[in-house]
Amino acid sequence: MYRIILTKIGAGLLTTLGVSIVIFLGTNALPGDAAQIRLGQAATEDSLKALREELGLNLPLYQQYFRWLFNFLQGEFGTSLASGNVTIAQLISDRYENTLIVSTLTAMIGVPISVGLGIMAAMFPGTIYDRFLTLGSVTLVAAPEFFTATLMVLFVVFFLGIGNAVVVGSIDDKNLVELITHFILPIATLCLVIAAQLIRMTRAAVLNVMNSPYIEMAILKGIPRRRVVMRHALLNAIGPIVNVIAINLAYVVTGVIVIEVYFGYAGLATLIVQGVQTRDYILIQTLGMIFCATYVILMMIADLASILSNPRLRHPK
Amino acid sequence: MSNNKNNEDKHYVAPFSNEVSFDELQDAPPSGKFRLSITGKLGVIVVAFWLFIAIFGQFLAPYEENDLPFPDDYSEFQKPRPGAWLGTDVDDRDILSRIMYGAGRTIGISLAGVLIAYVIGVTLGIGSSIAGSRIDQVLTQFFNILLAIPTIMFGLVVVAAVGSSIPVLIITAGAIFSPVVFRLSRALGMEIMVMDFVEAAKVRGEGYRWIIFKEIWPNAAMPLISDFGLRFIYVILFVSSLSFLGLGVQPPLADWGSMVRENLGALQYGESVIPILAPAIAIASLTVAINLIVDDVSAHAGGKLSGRL
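Residues numbered from 1 in each chain as written. Chains lettered and ligands numbered in written order. Predicted model: local features only at pLDDT ≥ 70, side-chain atom pairs only at ≥ 80, totals over all residues.

Caption draft 1: Structural context of the overall build of chain B. Of regular secondary structure, chain B possesses 13 helices and zero strands. When the helices and strands of chain B are placed in sequence order, the string is α-α-α-α-α-α-α-α-α-α-α-α-α. Put simply, chain B has 309 residues, and 47% of those count as buried. (Helix = DSSP H or I, 4+ residues; strand = E, 2+ residues; numbered from the N terminus. Buried ≥ 20, exposed ≤ 12 C-beta atoms within 10 Å, placed from the backbone.)

Next up, the structure:
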């Protein structure tokens, strides 16, 4: 069993390495190098050459890549090209909290509610409750994030009259009520976005278990439906459900990009979008790696969860 | 055979079986004639409507996409009124006309993108399931790495590198979504390749062309068609998200995603929220309608093969 886990982790690391190569090459295709951008058009050949040597831009590409990778692993991300002499680490440390708060709270609020709703839907399949949830999630799964966000704004701001359509500014000097209204819209929207997938997939995972002969046996014994689901089906559905949760948390990593821009929220995602607009490729490299690595790790957890929970996968022949 | 058994079993799981069709959870072979459900029919109507607008919208639109319906009136985000039935946007332009112009662009780019993804993905996927061994391994590893990059992140890096234009958007969407198509068609190919009728065809001495078009394709068609719909949805969402981030279709061209971005201010200053709601509803109605059709097709194809992968 440990061998399988180690292989999976190894595969995850290799994938991250592959992703880092793609990101490095992709951002290197940008016209102009760091020395050119930093010194501007008026730079002399000599000063360009000196700076290139200092930054290691005269080295062969593969050496540049390893240099970048090792610096990245040590947390030395370099200096932003667009915003003067600010280091990337500084830019990130100003904002990572905001993104972390939104995604963590989304996970803490959205996941239990959606999983609960999904299990309920599987418990009473075919009822109006189930159909309503299924139709709702089919709709929300396919809708773009900014559609969901607009609905949320209309509902919360115009209908309930709380919160502010656009959340700007820092979170430092705010009291609790202000903090809640500050975060309510992005978090509620992200929760809805992941809930759609999560409900659907949880329902399918539980129903899948409900299909097996031992459940039939339990039903034939005359056990009440609630107990069949809770004691018999759910335990075997935990693996698939954890798998589903991890996949959807990985989805938060990408969903947060559109949501942050929509609400003008100062997080890492708005930072990378700014980086693309200003063609600050050092910023893109760093943040791209952070986002992709998080994504790969969550996907790996999803993979491990489904293996660990399934004895047949745990002990392959 | 296992299906017959299950049908018999269903009899005993009375508390559940009268309410759930368990067939939807299995890979049952296509059964009977394909029929659309009510929601599926609704989906077809909506998709047909948008396709019509996409093709003819720019000829039917009351104004050009950057015309001002009321040149003398400088207030932005006006409420709907005669002459501008959905109101005006941040630059006083007619929203209805821009939606009609944007339809062709949003749908056209996405359709072209998903077609490219399919040409690359299916060719390499089915090809690699037949070729086997080394080529297969290399391709699979390569596409696995691409799959590990979130689509929007991939889009951001490409746009940063080469800038954004409509051809770039189409090719990027094609490239980003081909790994998923590759994985699905490879798995389908593998699954079908080991079936008895393919063995029989091989033993008969049929060539690759026969095996691909007469043996594999008819069996892979249904899952691929329903996946095509799903992929189309994701490409629409991808393209409009990029446009929404300001990195897709560039102003002053109308596109549903960029319309939402341009008019974000309507939430704070606008008299009406239609400028932002209308393009968002346009996208959502199209993608949801496609999803309703896909649900029907995949239920008919009997299995959630694409869901399992």
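Caption draft 2: Examining the overall build of chain A more closely. Within chain A one finds 13 helices and zero strands. Here chain A holds 317 residues, and the buried ones make up 38% of them.

Caption draft 3: Region of the structure containing the interface of chain A and chain B. Taken together, the contact between chain A and chain B spans 50 residues of the former and 44 residues of the latter. Looking at the side of chain A that touches chain B, the element that brings in the most residues is helix 12 (residues 281-308) of chain A, giving eight residues. Class assignment for the residues of the side of chain A that touches chain B results in 35 nonpolar, 12 polar and three charged. (Contact = placed C-beta atoms within 7 Å. Nonpolar A, V, L, I, M, F, W, Y, C, P; charged D, E, K, R; others polar.)

Caption draft 4: Spatial organisation of helix 6 (residues 128-142) of chain A. For helix 6 of chain A, built from 15 residues, the straight-helix expectation of 21 Å at 1.5 Å per residue is met to within 8% by its first-to-last C-alpha distance of 21 Å. Considered for burial, the residues of helix 6 of chain A that qualify are Leu133(A), Ser137(A), Leu140(A) and Ala142(A). (Expected span 1.5 Å × (residues − 1).)

Caption draft 5: Highlighting the environment of Arg52(A). Residues and elements named next belong to chain A. Note on placement: Arg 52 falls in helix 3 (residues 45-55). A count of 17 C-beta atoms within 10 Å places Arg 52 in the partly exposed class. Placed 201 residues apart in sequence, Arg 52 and Val 253 show a C-alpha to C-alpha distance of 34 Å.

Caption draft 6: A look at the packing of helix 1 (residues 2-28) of chain A against helix 12 of chain A. All names here are of chain A. Packing of helix 1 against helix 12 leaves a shortest axis separation of 9 Å and a crossing angle of 160°. Taken together, the axes of helix 1 and helix 12 lie roughly antiparallel to each other. Remark: the crossing between helix 1 and helix 12 carries right-handed chirality. Looking at the contact of helix 1 with helix 12 residue by residue, the classes come out as 16 nonpolar, seven polar and two charged. (Axes fitted to C-alpha atoms, helices over the stretch in contact; angles between N-to-C directions. Parallel < 35°, antiparallel > 145°, perpendicular 65-115°, else oblique. Left-handed = near helix turned anticlockwise from the far one by under 90°.)

Caption draft 7: Spotlight on helix 3 (residues 38-60) of chain B. Of all the bends in helix 3 of chain B, the greatest measures close to 50° and is centred on Ala54(B). What helix 3 of chain B keeps buried is the set Gly40(B), Gly43(B), Val47(B), Trp50(B), Ile53(B), Ala54(B) and Gly57(B). (Bend = angle between axes of the 7 residues up to and from the residue.)

Caption draft 8: Representation of the confidence of the model for chain B. Residue and element names in this part refer to chain B. Across chain B, the average pLDDT comes to 80, with 85% of residues at 70 or higher. Across chain B, element-level confidence peaks in helix 3 with a mean pLDDT of 92 and bottoms out in helix 2 (residues 14-17) with 36. The low-confidence segment residues 1-31 (pLDDT under 50) makes 38 contacts with residues lying over four places distant or belonging to another chain. Considering only residues more than four positions removed or in separate chains, one finds that residues 303-309, a stretch of pLDDT under 50, has 15 contacts. (pLDDT = per-residue confidence, 0-100.)

Caption draft 9: Representation of the packing of helix 6 (residues 151-162) of chain B against helix 7 (residues 166-193) of chain B in the model. Residues and elements named next belong to chain B. With their axes 10 Å apart at the nearest point, helix 6 and helix 7 run at an angle of 140° to one another. On the basis of their axis angle, the class for helix 6 and helix 7 is oblique. Regarding helix 6 and helix 7, the two cross each other, and that crossing is right-handed. The segment helix 6 lies against helix 7, with Thr 151, Phe 154, Gly 155, Val 158 and Val 162 engaging Val 168, Thr 172 and Ile 176. Class assignment of the residues belonging to the contact of helix 6 with helix 7 gives a composition of five nonpolar, three polar and no charged.

Caption draft 10: Inspection of the environment of Tyr295(A) at higher detail. Among the structural elements, Tyr295(A) can be located in helix 12. The spatial distance from the C-alpha of Tyr295(A) to the C-alpha of Tyr251(A) is 7.8 Å, given a sequence separation of 44 residues. Residue contacts for Tyr295(A): discarding those within four places in its chain leaves Ala250(A), Val253(A) and Pro150(B).

Caption draft 11: The arrangement of the environment of Phe291(A) in detail. You can see Phe291(A) is positioned in helix 12. Assessed through the 24 C-beta atoms surrounding it within 10 Å, Phe291(A) is described here as buried. In this structure the C-alpha to C-alpha distance between Phe291(A) and Thr254(A), which are 37 residues apart in sequence, comes to 8.0 Å. In contact with Phe291(A), other than residues within four places in its own chain, are Val253(A), Pro150(B) and Met153(B).

Caption draft 12: Local environment of the confidence of the model for chain A. With 88% of its residues at a pLDDT of at least 70, chain A reaches an overall mean of 81. Within chain A, helix 5 (residues 88-123) of chain A carries the highest mean pLDDT (87), whereas helix 2 (residues 34-39) of chain A carries the lowest (69).

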